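Structural description and commentary
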There are 4 protein chains.
Amino acid sequence: MGVVIINFKAYKEGSGERALKLCEMVQDVSAKVDDYIAVAPNFLDLPEIVSKFDIDVYAQHVDAVGFGSHTGRITAEFLKEKGAKGSLINHSERRLRLADIDFLVSKFKELGLISVVCTNNVATTAAAAALAPDYVAIEPPELIGSGIPVSKAEPEIVENSVRAAKDVNEEVKVLCGAGISKHEDYITALDLGADGVLLASGIVKAEDQRKALEELVGLR
Amino acid sequence: MGVVIINFKAYKEGSGERALKLCEMVQDVSAKVDDYIAVAPNFLDLPEIVSKFDIDVYAQHVDAVGFGSHTGRITAEFLKEKGAKGSLINHSERRLRLADIDFLVSKFKELGLISVVCTNNVATTAAAAALAPDYVAIEPPELIGSGIPVSKAEPEIVENSVRAAKDVNEEVKVLCGAGISKHEDYITALDLGADGVLLASGIVKAEDQRKALEELVGLR
Amino acid sequence: MGVVIINFKAYKEGSGERALKLCEMVQDVSAKVDDYIAVAPNFLDLPEIVSKFDIDVYAQHVDAVGFGSHTGRITAEFLKEKGAKGSLINHSERRLRLADIDFLVSKFKELGLISVVCTNNVATTAAAAALAPDYVAIEPPELIGSGIPVSKAEPEIVENSVRAAKDVNEEVKVLCGAGISKHEDYITALDLGADGVLLASGIVKAEDQRKALEELVGLR
Amino acid sequence: MGVVIINFKAYKEGSGERALKLCEMVQDVSAKVDDYIAVAPNFLDLPEIVSKFDIDVYAQHVDAVGFGSHTGRITAEFLKEKGAKGSLINHSERRLRLADIDFLVSKFKELGLISVVCTNNVATTAAAAALAPDYVAIEPPELIGSGIPVSKAEPEIVENSVRAAKDVNEEVKVLCGAGISKHEDYITALDLGADGVLLASGIVKAEDQRKALEELVGLR
């Protein structure tokens, strides 16, 4: 019913061989539910995951440059060629300049990639929505990795972010993140008007990753 | 009638002793017209200019931090105490992260400082307007320092920026910049709906700075 | 006997009116001892402090650009014109790229400004010394603001840094920082071969700033 | 006889399918000469190139973080697990802070990865050598992509860089880059004391990439 994007970050449990196992599990669980479950691994793991699994793969970041004399950069065109579905943009651990977010959202539209622009509060959610990305993902920084679900601790942030985004641009979808790990919190997020959730440690660093994901989507 | 903010940048002609002379001239010209003419000198020159001249002084930049263990940073509180009227924020030569622009706009509101958020196109103007700053200043980067006035070369950018900003937030005022130096271009900008202009080299690096400013505001 | 540079950071207690009072006290204490005591206030306070007090004033940071189209930047030339003695460069709260540190050290030499390049361990101290600045100031980041003096907790870092710096360039002087506030720690630093200390909170945030500085230099 | 590292940058001609063809050619040429020829593709192409070809593969960049809550970052550990031989560090298009260069060089030593630290002049070469990387690669920025070979235009920079590096640390090997494309320039670089060259456009953007590489290593 909802959207679930799992950010693998630079977690040991979400990289290399562990990333492949994690994706196998995600693919399994995904087949049993109607929710749209996608993953965001690091750049080095991304191509193999795209080719081996039947799940949508997002990058965690992309650089605001095109082809050319840029060393150590990943462009939108590279992501497209490797089969990525889209990318997180402006994650709180990889903030971008406003002009660069706009550059990327436009470029993604041209290339048919899905843009997920991360924000930190209601005002920046409205600002990001004005750029017309596919998704805005609101994550109050103080709750990231805290285990305290934003949909429970600050429901008004989710509600107001949804309203602010839709006021600016009706078509923008809204995810919420930070602290979400239980089914109840996920459902609350949807009830508050969000289209889904963005999570990381709640799944990737869970002692039992499968159990964590199954619980999240209500299979347990 | 309109707003004119002059960015002194790190120009030799707009720093140290030359900055003081330039401000004396600006004060002179300002007294003869109804336009609101303000200056944006570098941090080191700012306090003396505030204390010596009867013109509004803006910083060129401000850091998104508060009091604390931050070395080499200028906070909004410092600007306030020194008597600055406000600051440029996110100038194309000093781009900021979206979350930091929002932090500064909010902080400025609390402190009673005027925020002038610079943007590069219609989309980022709408995004910046969503943060509710006092001004958005749109400057197409390709025209900065070009001598080609944005109000002439790309009037639709000015018009669309004004409309986009007002659609998001009616109270936001819009400046336009890049390539403006003649009275005609300034008037055109106002006719297109802008509240004024942001300039730099057109005045600061003019052979005759007084003549350049007088021409801009229609005194010659 | 030694060098004492006090970094005012963005501390409330070291900015605006409080900075002026602090400098008056530093000037007082300085007159009673042989130590070289200098201050590093923020950019906005720097010019007034230079003009009012008979102590050497350093900037906390300087940008690696010259005159030109740079907004919100402070150049070495600006510092020189305002009467600054030199600047901290690459402080742990304002790290710079290697090429920019080199640019600044060279520019400072041309202009007759004193360069104080901050480093975090023995290896980066040797690297910085290879650029031939006037001072290298080694501050283990984990001890900054900790109240645990580097000269006591990790005397071998101080000793090895001095040796590493001198091995590369005999003329480079070495300061040490982080956690220093007592006379004993200062003396230990000198005994370990350092030419002095760089401090901040130990003086600026002390309940009684005068008492703190007098104790440091052995007046109490 | 010498070392040749080819940086694919974000060139269209060096990414995706084109990167694979380029590597096949490099592998071919490499088999015919004694020179050590290695490639530095972008992150997304790196794993497949490692697995398909018998040539050493370097990353173009690596982030100064370990495992953890870091989004959009590539760690040294990730590179190691994917079979990269090492990485360029501090390329002129991806400059790093001094402390981060040191962090990476140390981490690479632990992990058995080869560090190639890029620098821009004699002073920064000495500084980088003080960190004891495997290689320092000196590239005067004004010559990058210019077609003017550093070994011809500024032989003294190559010679002095080699001397400066060895003075600080005898074991550090020195590459030179910028503008190199002919065999003669490569040989001159070796004669001046360099251990090899770092190139990019000279090969990757050549009309005939194979011809360009064969000429470089003296096969034509």
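A brief look at the structure comes next. Once a new chain begins, its residue numbering starts again from 1 and follows that chain's sequence as written. Key to labels: chains lettered from A, ligands numbered from 1, both in the order written. Per-residue local features are limited, in this predicted model, to residues with pLDDT of at least 70; the limit for side-chain atom pairs, both in listing and counting, is 80 or more; totals at the level of whole chains, interfaces and linings are taken over all residues.

**Observations concerning the overall build of chain A**
Convention followed: Helix numbering and strand numbering both begin at the N terminus, where a helix is a DSSP run of H or I of at least 4 residues and a strand a DSSP run of E of at least 2. The quantity called the radius of gyration is restricted to C-alpha atoms. Its globule counterpart is 2.2 Å times the number of residues to the power 0.38. With C-beta atoms placed from the backbone, a residue counts as buried when 20 or more other C-beta atoms lie within 10 Å of its own, as exposed when 12 or fewer do, and as partly exposed for counts between those limits.
Each helix and strand counted, chain A has 10 helices and eight strands in total. Relative to a compact globule of 220 residues, whose C-alpha radius of gyration would be 17 Å, chain A shows 16 Å and is just as compact. Its C-alpha atoms give chain A principal-axis dimensions of roughly 50 × 40 × 30 Å. When each of the 220 residues of chain A is scored for burial, the buried share is 59%.

**Considering helix α4 (residues 98-111) of chain A**
Every α-helix winds through 3.6 residues per turn, so residues three or four apart in the chain are directed the same way. Just so we agree on the cut-off: The length a helix should cover is 1.5 Å for every residue beyond the first.
Taking 1.5 Å per residue, 14 residues should reach 20 Å; α4 of chain A reaches 20 Å between its end C-alpha atoms and fits that length. Of all the positions in α4 of chain A, only L98, A99, D100, I101, D102, F103, L104, V105 and F108 of chain A are classed as buried.

**Re the packing of helix α1 (residues 17-32) of chain A against helix α10 (residues 209-216) of chain A**
Residue and element names in this part refer to chain A. Quick reminder of the rule: Here the axes come from fitting lines to C-alpha atoms, over the contacting stretch only for helices, and the angles between their N-to-C directions go from 0 to 180 degrees. Note on angle classes: values under 35 degrees are labelled roughly parallel, values over 145 roughly antiparallel, values of 65 to 115 roughly perpendicular, and the remainder oblique. Crossing handedness: left-handed means the near helix sits turned counterclockwise from the far one by under a right angle, and right-handed means the same turn made clockwise. Our contact criterion uses C-beta atoms placed from the backbone: two residues qualify when those atoms are within 7 Å. Residue polarity follows a fixed list, in which Ala, Val, Leu, Ile, Met, Phe, Trp, Tyr, Cys and Pro are nonpolar, Asp, Glu, Lys and Arg are charged, and the others, Gly among them, are polar.
Where α1 contacts α10, the axes come no closer than 10 Å and their chain directions differ by 30°. Taken together, the axis directions place α1 and α10 in an arrangement best described as roughly parallel. Considering only the axes of α1 and α10, their crossing is right-handed. Of α10, the residues touching α1 (which contributes L22, M25, V26 and V29) are Q209, R210, L213 and E214. Residues of the contact of α1 with α10, tallied by class, amount to five nonpolar, one polar and two charged.

**Some thoughts on unusual backbone geometry**
Located in the positive-phi region is N90 of chain C, a residue other than glycine, with phi close to 70°. Structurally, N90 of chain C is set in the loop between β4 (86-89) and α4 (98-111).

**Quick word on α1 of chain A**
Residue and element names in this part refer to chain A. Quick note on the threshold: The arc under discussion is defined with respect to the helix axis, by the directions toward the C-beta atoms.
Here α1 contains 16 residues, and its C-alpha end-to-end distance of 24 Å stays within 8% of the 22 Å for a straight helix at 1.5 Å per residue. Inspection of α1 places A19, L22, C23, V26, V29 and S30 among the buried residues, and these make up the whole buried set. All buried residues of α1 fall inside an arc of 130° around its axis, so they share one side. Along α1, exposed side chains directed more than 90 degrees from the buried face belong to E17, A31 and K32. Check the buried side of α1 and you find it contacts β1 (3-7), β2 (36-40), α2 (46-52), α9 (201-204) and α10.

**Things to note about the interface of chain B and chain A**
On the side of chain A, 18 residues touch chain B, which itself brings 18 residues to the contact. Contributions of two or more residues to the side of chain B that touches chain A are made by α4 (98-111) and α5 (122-129) of chain B. The greatest single-element share of the side of chain B that touches chain A, amounting to five residues, is contributed by α5 of chain B. Considered class by class, the residues forming the side of chain B that touches chain A number 11 nonpolar, four polar and three charged.

**Observations regarding the interface of chain A and chain D**
Listed per partner, the contact involves 33 residues of chain A and 33 residues of chain D. Contributions of two or more residues to the side of chain A that touches chain D are made by α2 and α3 (76-82) of chain A. The class makeup of the residues in the side of chain A that touches chain D is 11 nonpolar, 14 polar and eight charged.

**Focus: the sheet that holds strand β4 (residues 86-89) of chain A**
Heads up, the condition is: By the convention used here, strands pair only if DSSP detects at least 2 bridges between them.
Read across the open sheet, the eight strands follow the order β2-β1-β8-β7-β6-β5-β4-β3 (chain A); overall the sheet is parallel. The two strands at the open ends of the sheet, each matched to only one other strand, are β2 and β3 (58-59) of chain A.

**Things to note about the arrangement of the chains**
The least C-alpha distance between chain A and chain C, which are not in contact, is 16 Å. What separates chain B from chain D at the closest point of their C-alpha atoms is a distance of 16 Å, and the two make no contact.

**Remarks on the pairing of strand β6 (residues 135-138) of chain C**
Residues and elements named next belong to chain C. Our working definition: Here, the term right-handed applies to a crossover whose path from the first strand over the helix to the second runs clockwise when the strands point away from the viewer.
Burial along β6 is two-sided: Y135 and A137 and V136 and I138, pointing in opposite directions, are all buried. Crossover handedness for the path strand β5 (residues 114-119) to helix α5 (residues 122-129) to β6: right-handed. In this sheet, strand β7 (residues 173-177) lies alongside β6 in parallel orientation, the contact comprising four bridges. Looking at β7, one finds that A137 is bridged to L175.

**Examining the sheet that holds strand β6 (residues 135-138) of chain B**
All names here are of chain B. As summarised here, the arrangement of the eight strands in space is β2-β1-β8-β7-β6-β5-β4-β3, forming an open sheet in which the pairing is parallel. Two strands close off the open sheet at either side, each with one partner strand: β2 (36-40) and β3 (58-59). As defined by bridge partners, strand β1 (residues 3-7) adjoins β2 across five bridges and the pair is classed as parallel. Directly across from V3, in β2, lies its bridge partner Y36.

**Details of the relation of the copies chain A and chain D**
Heads up, the condition is: Only residues with pLDDT of at least 70 in both copies count here: their C-alpha atoms drive the least-squares fit that superposes the copies.
In screw terms, the move from chain A to chain D is a rotation of 180° and a rise of 0.0 Å along the axis, fitting with an RMSD of 0.0 Å. Both copies are brought into coincidence by an operation consistent with a two-fold rotation axis. A shared binding surface is used by both copies, with 100% of the interface residues of chain A retained as interface residues in chain D.

**Description of the packing of α4 of chain C against helix α5 (residues 122-129) of chain D**
Contact pair α4 of chain C / α5 of chain D: the axes reach a minimum separation of 10 Å and the direction vectors enclose 125°. Classed by the angle they form, the pair α4 of chain C and α5 of chain D counts as oblique. Here the hand of the crossing between α4 of chain C and α5 of chain D comes out right-handed. In this structure, α4 of chain C contributes L98, A99 and D102 of chain C to the contact, and α5 of chain D contributes A123, T124 and A127 of chain D. The residue makeup of the contact of α4 of chain C with α5 of chain D, split by class, is four nonpolar, one polar and one charged.

**Some points on the environment of G193 of chain C**
All names here are of chain C. Tracing the backbone through its elements, the reader meets G193 in the loop between α8 (183-191) and β8 (196-199). The exposure class of G193 is partly exposed, given the 16 C-beta atoms found within 10 Å. For the pair G193 and R163, spaced 30 residues apart in sequence, the C-alpha separation works out to 8.4 Å. Residue contacts for G193: discarding those within four places in its chain leaves E159 and V162.

**Concerning the pairing of strand β8 (residues 196-199) of chain A**
All names here are of chain A. Going residue by residue along β8, you find G196 and L198 tucked away on one face and V197 and L199 tucked away on the opposite face as well. With three bridges connecting them, strand β7 (residues 173-177) and β8 associate as parallel partners. Paired with C176 across the two strands is V197, which belongs to β8. Between β7 and its parallel partner β8, the chain crosses via helix α8 (residues 183-191), and the hand of that crossover is right-handed.

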